[in-house]
Amino acid sequence: MENSISVQRINGYFCMEDIIKSITEAESQAAEIKAQAAERAAEIIAEASKRAADITARCETECKIMREVQINQAAADAQTAYDKALSESSAKAKKYADGVLKNSDGVINDIVGRVLGGNR
């Protein structure tokens, strides 16, 4: 037998040229599929980057709003606590002053009596 490449089918087998042609076509298809996949991957990356930027912007806006809400709530809570403490302190001070005045009535009358009536 001779070692030559034949273009024909021999005994039901494809010849080498047909096999090489099939491999070349498969490689060409694989290269095309790879190029399409790379193009699609670039599109996906671009979409993901845009979406990430949108999410970041939305989060920044939401955080600013939440910050303002929390600051306003904290200010309102502080004002309420201040008003309550002031009211409680005023009530305690009034009670103390009333007690001092009540207890001093006798002493004041005694002093006024001595001043007006002379030394006794």
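Worth saying up front: this structure is predicted, and the values here are computed from it rather than measured. Counting of residues starts from 1 at the beginning of each chain's written sequence and follows it residue by residue. For this predicted model, a pLDDT threshold of at least 70 governs which residues receive local features, and a threshold of 80 or more governs which side-chain atom pairs are given and counted, while totals over whole chains, interfaces and linings are taken from all residues. Just so you know, side-chain values use all the structure's heavy atoms and leave hydrogens and water out.

Novice: Quick question: what am I supposed to make of the overall build of the protein chain here?
Specialist: Tallying secondary structure elements over the protein chain gives one helix and zero strands in all. Partly exposed describes any residue whose relative accessible area lies between the buried limit of under 20% and the exposed limit of over 50%, with all areas from a 1.4 Å probe on protein chains only and scaled to the type maximum. In the protein chain, which comprises 120 residues, the share counted as buried stands at 2%. Surface summary for the protein chain: the accessible area is close to 11,100 Å², and the carbon and sulfur share equals 59%. Each helix is a run of DSSP H or I of at least 4 residues and each strand a run of E of at least 2, with the numbering of both proceeding from the N terminus. Every accessible area reported is derived by Shrake-Rupley at a probe size of 1.4 Å, with residue values counting cover from the shown protein chains alone.

Novice: Honestly, the confidence of the model for the protein chain in this entry has me stumped. Any pointers?
Specialist: When pLDDT is low, close inspection of the predicted coordinates is not appropriate. Every residue carries a pLDDT, the predictor's confidence in it, which falls somewhere between 0 and 100. Confidence in the prediction of the protein chain, expressed as mean pLDDT, is 86, and 86% of residues score 70 or more. By the convention used here, residues are in contact when the closest approach between their heavy atoms is within 4.5 Å. With pLDDT under 50 throughout, residues 1–7 is counted as low confidence; its partners more than four residues away or in other chains account for eight contacts.

Novice: Just checking my understanding: could you explain the pattern of salt bridges for this structure?
Specialist: Pairing between side chains of opposite charge can happen when their charged atoms approach one another. We define a salt bridge as a contact between a side-chain nitrogen of Lys or Arg and a carboxyl oxygen of Asp or Glu at a distance within 4 Å. In total, this model carries five salt bridges according to the counting rule given. One salt bridge connects lysine 50 with aspartate 54, and the closest N-O pair in it is separated by 3.3 Å. Here aspartate 54 and lysine 50 lie together in helix 1 (residues 16–117), a separation of four residues that amounts to about one turn. Beyond isolated ion pairs, a larger network of salt bridges with shared partners links Arg40, Glu43 and Glu47.

Novice: When you look at the state of the cysteines in this model, what are you seeing that I'm missing?
Specialist: Two cysteines form a disulfide when their sulfur atoms are joined by a covalent bond. Only a pair of cysteine sulfur atoms within 2.5 Å counts as a disulfide in this structure description. Counted according to the given criterion, the structure contains zero disulfides. Not part of a disulfide, cysteine 59 finds its nearest cysteine sulfur in cysteine 63, a span of 6.2 Å.

Novice: Which parts of the structure should I look at to understand helix 1?
Specialist: Residues that lie three or four places apart on an α-helix share one face, since the helix turns once every 3.6 residues. The end-to-end C-alpha separation of helix 1 is 145 Å, in line with the 152 Å expected for 102 residues at 1.5 Å each. The seven residues ending at a residue and the seven starting there each receive a fitted axis; the angle between those axes is the bend at that residue. Aspartate 105 marks where helix 1 bends most, by close to 40 degrees. Multiplying 1.5 Å by the helix residue count minus one yields the expected span of that helix.

Novice: What is the right way to read a nonpolar patch on the surface from this model?
Specialist: Exposure above 30% relative accessible area and no salt bridge define the residues that can form patches, which grow by joining like charges within 9 Å and nonpolar side chains of Val, Leu, Ile, Met, Phe, Trp and Tyr within 5 Å. A cluster of nonpolar side chains, contributed by Val107, Ile108, Ile111, Val112, Val115 and Leu116, occupies part of the molecular surface with about 590 Å² of accessible area. Mapping valine 115 onto the fold places it in helix 1.

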